[in-house]
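One letter stands for each residue in the lines below.
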Amino acid sequence: MAGNKVETAAGENFKEEAGVSHDRRHESPCSFEEILVDWRGRPTCQPNQHGGMTAAAFVLGLQAFEMMAIAAVGNNLITYVFNEMHFPLSKSANIVTNFVGTVFLLSLFGGYLSDSYLGSFRTMLIFGVVELSGFILLAVQAHLPQLRPPKCDMMASTAGGHHCLGAKGFETWIFFLALHLVALGSGCLKPNIISHGADQFSKNDSKQFRRLSTYFNCAYFAFCSGELVALTVLVWVQTHSGMDVGFGVSAAVMAVGLLCLISGSAFYVNKPPRGSIFTSIAQVLVAAITKRKQICPSQLEMSHGSQDTGPQGFSSPSASAIGLRHTEKLRNIQNRTGTSESRWRLCSASQAEQVKILISVVPIFACTIIFNTILAQLQTFSVQQGTTMNTRIAKNFRIPPASLQSIPYIMLIFVVPLYETAFVPIARKVTGKESGISPLQRVGIGLFIASFSMVSAAIIENKRRNFALEFNKSLSIFWIAPQFLIFGLSEMFTAVGLVEFFYKQSLEGMQSFLTAMTYCSYSFGFYLSSLLVSSVNKITSSGPSGGGWLSDNDLNKDRLDLFYWLLAALSLVNFFNYLFWSNWYSYSPSLPPTAAPPLQENQRRDDVDDKNNDGRHRTFV
């Protein structure tokens, strides 16, 4: 009897909301499923004037220039911290990895601000200026001697038994302020660059949405182009003209990227913010806990998809309206979200699915952390490896060690277009998937290949060390190129697959936040690198010799090769862990449904309303 009352009340509530949503369908010229506005906030859905690859091209321009600026700083930062700020090698490596980790961790903050309050375009504009100010402050410090410790050769001081005076006080304060400004700006930019570009491809246009995978490959191509220029031209400028000039060039490049973003304002389609995603998540969790003893409905149709009205006055579609089916996993969240009209006791099916998606993607996200820990070594210890090797490639030309990281991007400049034009069409015929292979399959291939990068690094480092100790000679710097090439290939699979996976699994109002989880994986990977370096040093220093694997500023005395073998083993274990979780994961039903003519869709919704009026379909999710 009580159950019937609950069911009837929920059914009446659904009928009332369904009626409201039926009327609201005609308020906007845009489709019901997707609310899009132009740069003035006006609803728009004119494909010839807004969105598409033309609009995305301006975003890709920002992607290339911003990556160019930040990569030139990040990839050669260890040289500046060690040689100019005079921090010990292990601490310098940790400063760099913590900086990069902070950049990617702050991407969650940028994604949250974008989805909840500012929108992606405004977020990019604001934090682009913040990042630019950080570059300028770095350039000023590198240019003025009074803001840095006195000049001193760190390598010579180690060999001679005396120590260089390190940065302290105001010098340290200026340095870390500049780094945090760059980290804040870049972190908040990154997820919004990807999601804003992807937003230009409407989910309601099946032809346009099929180009989304192509866009992600183009975004990675822009990323590679920016990295390549940074690691060749900009790093060369830093090495030969000084770090102050190099940081100044990064600031100029960032300014060009912002101009590129602003130039496309009239072409963009924008998704208005929908309020705090955390409020919605909290409502679902509270409703699920308070209704944990309620009997779950046995039929999946008995799930209430209510209509939400966002802070901008736009209505958010119900789960049924966007073709969202309910996933079987975590059904306790799905079916116990309330029988009362209170937002904290009655939640829509789309809210429940939002929380379930966030929980379900966590294991996939966690499996990419070790992958990014490997990346951290290529940007720190591998660069330092290069400084101990023969960098001469011509009589009067030496290659900067940081430029070694450009080798995989030279390869990828050719491989990424080949992947899109050759591999994808062949794989599409075999698998029947539009993108050739699924995003999760793409991530798995990359994780498997990454292990061999550390195997190569360990073998070459052992050879380099023995050659230096036994013959007092240096190997050519190109001996460490294979570890960069192998990882570059693995990154093409993992990085692009992960971004595509997170974006396609997201519901409306959480695209930027879920995309930010990709970058958060980078953050955790770099933080884990710092933790591993410190832990390995502490454990290996407790032996009778008293010397840790990474405790000295001299790589010839350290055992970096053993550290690389440890990472190779962890990477292989991580791959098998990923296989388990990727098989467990169920793809989100939030992928766009096949587009139907408006009349048919309206008729389908009218039929749903009629059934609810008859009392045959009542829901209480």
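Cut-off values and rules
Every chain is numbered independently, its residues counted from 1 as its sequence is written. Under the rules for a predicted model, residues below a pLDDT of 70 receive no local features and side-chain atom pairs below 80 are neither given nor counted, while totals for whole chains, interfaces and linings still include all residues. Where side-chain values are given, they derive from all heavy atoms of the structure, hydrogens and water being excluded. Runs of H or I in DSSP of at least four residues are treated as helices and runs of E of at least two as strands, each being numbered from the N terminus. Remark: exposure states derive from per-residue accessible area (1.4 Å probe, protein chains only) relative to the maximum for the residue type, with buried under 20%, exposed over 50%, and partly exposed in between. Contacts between residues were defined by any pair of non-hydrogen atoms, one from each residue, lying within 4.5 Å. Within 3.5 Å is the distance limit for a polar contact, defined as a pair of N or O atoms, with the added protein rule that one can donate a hydrogen and the other accept it, and that residues adjacent in sequence qualify only through two side-chain atoms. Only one rule defines a salt bridge in this text: a Lys or Arg side-chain nitrogen within 4 Å of an Asp or Glu carboxyl oxygen. Scored between 0 and 100, pLDDT is the confidence that the predictor attaches to each residue. Expected span, for any helix, means 1.5 Å times one less than how many residues it has. Throughout, the protein atoms alone are placed on a 1 Å grid, and a set of points is a cavity if a 1.4 Å probe fits but cannot get out or a pocket if it is open with protein on both sides within 12 Å along at least five of seven lines; lining residues have an atom within 4 Å of a point. Grid points are joined across faces, edges and corners, and a volume is the space filled by probe spheres set on the points. When residues are sorted by character, Ala, Val, Leu, Ile, Met, Phe, Trp, Tyr, Cys and Pro go into the nonpolar class, Asp, Glu, Lys and Arg into the charged class, and all the rest, Gly among them, into the polar class. Here the aromatic set is Phe, Tyr and Trp, taking the six-membered ring for Trp, and pairing holds for ring centres within 6.5 Å; pairs whose planes are under 30 degrees apart are stacked, those over 60 apart are edge-to-face, and all others are tilted. By definition here, charges over rings are those cases where NZ of Lys or CZ of Arg is within 6 Å of the ring centre and within 35 degrees of the ring normal.

Considerations on the overall build of the chain
Right, so step 1: The helix and strand inventory of the chain stands at 22 helices and 4 strands.
Right, so step 2: In the chain, buried positions account for 57% of the 621 residues.
Right, so step 3: Long-range pairs, those at least 24 residues apart, make up 82% of the contacts in the chain between residues at least 6 apart in sequence.

Considering the side chain of glutamine 200
Right, so step 1: Mapped onto the secondary structure, glutamine 200 falls in the loop between α8 (170–198) and α9 (206–209).
Right, so step 2: A polar side-chain atom of glutamine 200 sits 2.8 Å from the main-chain carbonyl oxygen of histidine 196.

Thoughts on the pattern of salt bridges
Right, so step 1: Throughout the structure, instances matching the rule amount to 3 salt bridges.
Right, so step 2: Notably, a salt bridge pairs lysine 190 with glutamate 66, separated by 3.4 Å at the nearest N-O pair. With lysine 190 in helix α8 and glutamate 66 in helix α2 (residues 52–74), the pair connects residues that are 124 residues apart, well separated along the chain.
Right, so step 3: Here arginine 559 and aspartate 561 are joined by a salt bridge, their closest N and O atoms 2.9 Å apart.
Right, so step 4: For aspartate 561, a relative accessible area of 2% translates into the label buried.

Some thoughts on the side chain of glutamine 238
Right, so step 1: Within the fold, glutamine 238 resides in helix α10 (residues 212–241).
Right, so step 2: Leave out the neighbours within four places in its chain, and glutamine 238 touches Ala72, Val73, Asn76, Met243, Gly246 and Phe247.

Describing unusual backbone geometry
Right, so step 1: Phi is positive for asparagine 472, close to 55°, though the residue is something other than glycine.
Right, so step 2: With respect to the secondary-structure elements, asparagine 472 resides in the loop between α18 (439–471) and α19 (481–505).
Right, so step 3: Assessed through its relative accessible area of 70%, asparagine 472 is described here as exposed.

Notes on the confidence of the model for the chain
Right, so step 1: Averaged over the chain, the pLDDT score is 75; the fraction of residues at 70 or greater is 73%.
Right, so step 2: Considering only residues more than four positions removed or in separate chains, one finds that residues 1–33, a stretch of pLDDT under 50, has 55 contacts.
Right, so step 3: The low-confidence segment residues 589–621 (pLDDT under 50) makes 72 contacts with residues lying over four places distant or belonging to another chain.

Some words on helix α14 (residues 349–366)
Right, so step 1: Here α14 contains 18 residues, and its C-alpha end-to-end distance of 26 Å stays within 8% of the 26 Å for a straight helix at 1.5 Å per residue.
Right, so step 2: Among the 18 residues of α14, 15 are classified as buried, and the element is accordingly described as predominantly covered.

Some points on empty space enclosed by the protein
Right, so step 1: Evaluation of the coordinates by the stated rule reveals 8 cavities of 30 Å³ or more.
Right, so step 2: Volume-wise, the largest cavity comes out at about 460 Å³.
Right, so step 3: In terms of lining, the largest cavity is formed by 28 residues, of which the most central are Met67, Phe104, Phe223, Tyr519 and Tyr522.
Right, so step 4: Residues of the lining of the largest cavity, tallied by class, amount to 20 nonpolar, 5 polar and 3 charged.

Section: the packing of aromatic side chains
Right, so step 1: Using the criterion set out here, one finds 25 aromatic pairs in the structure.
Right, so step 2: Ring centres of phenylalanine 223 and tyrosine 409 lie 5.8 Å apart, and the angle between their planes is 75°; this geometry places the pair in the edge-to-face category. Here the residue phenylalanine 223 occupies a position in helix α10, and tyrosine 409 occupies one in helix α17 (residues 406–431), the gap between them amounting to 186 residues. Neither residue differs from the other here; phenylalanine 223 and tyrosine 409 are each classed as buried.
Right, so step 3: Measuring from centroid to centroid gives 5.6 Å for tryptophan 581 and tryptophan 584, while their planes differ by 85°, and the two rings are edge-to-face. With tryptophan 581 and tryptophan 584 both in helix α21 (residues 560–584), this residue pair falls 3 residues apart, about one helical turn.
Right, so step 4: Given a relative accessible area of 27%, tryptophan 581 falls into the partly exposed group.
Right, so step 5: Within the aromatic cluster, the residues linked to one another by ring pairs are Tyr80, Phe175, Phe176 and Phe247.
Right, so step 6: Above the plane of the ring of tryptophan 479 lies lysine 463, whose end atom (NZ or CZ) is 5.0 Å from the centre.

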